[in-house]
Amino acid sequence: MKRNDIVEIRIDSLSFPNKGKGVSDGVPVTVKNTLPGQTVLTRISKKKNGAAEGELKEVLERSPMETEKGCSHCDLCGGCNYQRLTYENEVELKKNMVLDILESSGINGFAFEGIVPAPSSSAYRNKCEFSFGDSEKDGDLALGMRKRGSFYEVVTLRDCNIVDSDFLKIIDGTLKFFTERGTKFYHKKRRDGELRHLVVRKAAFTGEILVNLVTTSGYTFNPEEYSRAVLSLDLDGKIVGVLHTINDVISDVVQSDETRTLYGNDYFYETLLGLKFKISAFSFFQTNSRGAERLYSVVRDYAGDTSGKIVFDLYCGTGTIGQIMSEGSKKVIGIEIVEDAVKAANDNAVLNGIKNCEFIAGDVLKKVEELDEKPDLIIVDPPRDGINPKAILKIINFDADEIVYVSCKPTSLARDLKIFEENGYTVKKVKCVDMFPRTVHVETVVLLVKNANRG
């Protein structure tokens, strides 16, 4: 077997996040975007230390688990991985992957409490970042998701299983507006063009919609005309804000050099578990509102009775967990690096009449050093890469009786849990919550307790 060889492989197993594993001529081969039971053609892209990696070229035989049709774009779009699985098979795969990762990392002896399914496996996302591009090289303007394995080509979404129909109407209206004007997308290699992204957020419970068009500063269209075109669409929800963000960075990220409000507000409202949350354009909020209620219910259950306790809510985002935990607590202190999110968190506390929450802007690694209070309970909900190792040690030094860790990436979680266990904590129980149906992602909630001989 050599690099660039095309080989036929049967996929025998799956590891996180979506790496199928098989064997060809006695050589273990890993192929992304495959499923156990599939027979695939793959191009060998790398061979090292007696193993190889392959690029999926064609699925020759479907897995017995693949019984669903999926959306019309599911073989092209890079947004989903499990469109063809029954939802029951999907959650079983996710549960087993999390367990395998924890156990192979030496995390064991805990009570595993299964996986909580999402309330719905379709139309659940409250936020999507869509990309402008071309449907093929030098083809028509497209707006949707990147094609799997492509940096430039985009699949225009005509149907989608995971977003609300209003998202598709806004995509269609936006694409018509710019196609009629011949407006070009920003090509990051050539560094020309102007259209970059379209970010749509829609609250599941209030129906409020925020539309954010992202372009370069060299735009040639009239933003006010675009705003009027979007507002004229026949939607089920209500647009409460249309924004125009200027972004001149080279990398393909949604970033704001400047954001202008073309209509309404630069925020919208959502409700969770009886509380109301003001969400700004760039602040983090769980992308599945109905699923978030299930996730935070698990967090609240793992935290137990917080009466009279001081709670730290680290990586707090817009303060959802902290405010949910505030009832009965003596005090909740949240830390979040995104300043807009912290402002929203403090506004939300006022909005909900909560007086025992304080939210601080800054890096957890630095800000925990400035806290004088000793927490009884610490809740951590870090980004995908997990907690900075230096920050973990500072968190451990607070000597809290219990820590609830909320993770969206089990490999980062396993790495961090090992550090906690090496420093006097024990993983007591674990529960998965599926927030992202049809994708490889899953949330995991862990309760850590301080060992009796610590402190």
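Up top is the structure.
As a starting point, this report considers the structure included with it. Just so we're clear, the structure is a prediction, and the values are computed from it rather than from any experiment.

What counts as what
- Residues numbered from 1 in each chain as written.
- Predicted model: local features only at pLDDT ≥ 70, side-chain atom pairs only at ≥ 80, totals over all residues.
- Heavy atoms only, no water.
- Pairing = 2+ DSSP bridges.
- Helix = DSSP H or I, 4+ residues; strand = E, 2+ residues; numbered from the N terminus.
- Axes fitted to C-alpha atoms, helices over the stretch in contact; angles between N-to-C directions.
- Contact = heavy atoms within 4.5 Å.
- Polar contact = N/O pair within 3.5 Å; in protein donor to acceptor, adjacent residues only side chain to side chain.
- Salt bridge = Lys/Arg side-chain N within 4 Å of Asp/Glu carboxyl O.
- Buried < 20%, exposed > 50% of the residue type's maximum accessible area, 1.4 Å probe, protein only.

## Points about the sheet that holds strand 7 (residues 127-134)
Backbone-to-backbone hydrogen bonds pair the strands of a sheet. The strands run either parallel or antiparallel. The strand order across the open sheet formed by 7 strands is 9-8-7-10-11-12-13, and the pairing between neighbours is mixed. Strand pairing shows two members of the sheet lacking a second neighbour, strand 9 (154-156) and strand 13 (258-264), which therefore form its edges. Geometrically, the sheet is characterised by an average inter-axis angle of 35° between neighbouring strands, direction not taken into account. The pairing of strand 10 (residues 195-202) with strand 11 (residues 208-215) spans 7 bridges and is antiparallel. Following the sheet pairing, Val 200 is matched in strand 11 by Val 211. Along the sheet, helix 2 (residues 165-181) contacts strand 7, strand 8 (141-146), strand 9, strand 10 and strand 11; its crossing angle with strand 10, the most-contacted strand, is approximately 155°.

## Section: the sheet that holds strand 2 (residues 19-24)
With mixed pairing, the 5 strands of this closed barrel are ordered in space as 1-2-3-5-4. Going from strand to strand, the sheet's axes swing by 50° on average, the running direction of each strand aside. Judged from the 9 bridges that link them, strand 4 (residues 39-48) and strand 5 (residues 51-61) form a sheet pairing that is antiparallel. The residue bridging Lys 47 from the neighbouring strand is Ala 52, located in strand 5.

## What to know about the environment of Arg 196
Assignment of secondary structure puts Arg 196 in strand 10. Sequence separation between Arg 196 and Tyr 186 is 10 residues, and the spatial gap between their C-alpha atoms is 5.6 Å. Of the polar contacts made by the side chain of Arg 196, one reaches the backbone oxygen of Ser 251; its length is 2.9 Å.

## Things to note about the pattern of salt bridges
A complete count under the given rule lists 33 salt bridges for this structure. The shortest N-O distance in the salt bridge between Arg 43 and Glu 55 comes to 2.8 Å. With Arg 43 in strand 4 and Glu 55 in strand 5, the pair connects residues that are 12 residues apart, well separated along the chain. Residues Lys 278 and Asp 347 are paired through a salt bridge, measuring 3.6 Å at the closest nitrogen-oxygen approach. Of the two residues, Lys 278 is situated in strand 15 (residues 275-280) and Asp 347 in helix 6 (residues 339-351); the sequence distance between them amounts to 69 residues. The exposure class of Asp 347 is partly exposed, given its relative accessible area of 27%. It is possible to trace a salt-bridge network through shared partners that takes in Arg 62, Glu 66, Asp 75 and Arg 84.

## Here we look at the pairing of strand 2
The alternating pattern of strand 2 places Gly 20, Gly 22 and Ser 24 on a buried face and Lys 19, Lys 21 and Val 23 on a face that is not buried. What sits between the antiparallel neighbours strand 1 (residues 6-15) and strand 2 is a turn of 3 residues. Across 6 bridges, the pairing between strand 2 and strand 3 (residues 27-32) is antiparallel. Paired with Ser 24 across the bridge in strand 3 is Val 27. Here strand 2 folds back onto strand 3, and the loop between the two strands holds 2 residues, one of which, Asp 25, carries a positive phi near 50°.

Nothing here speaks to function; it is all geometry.
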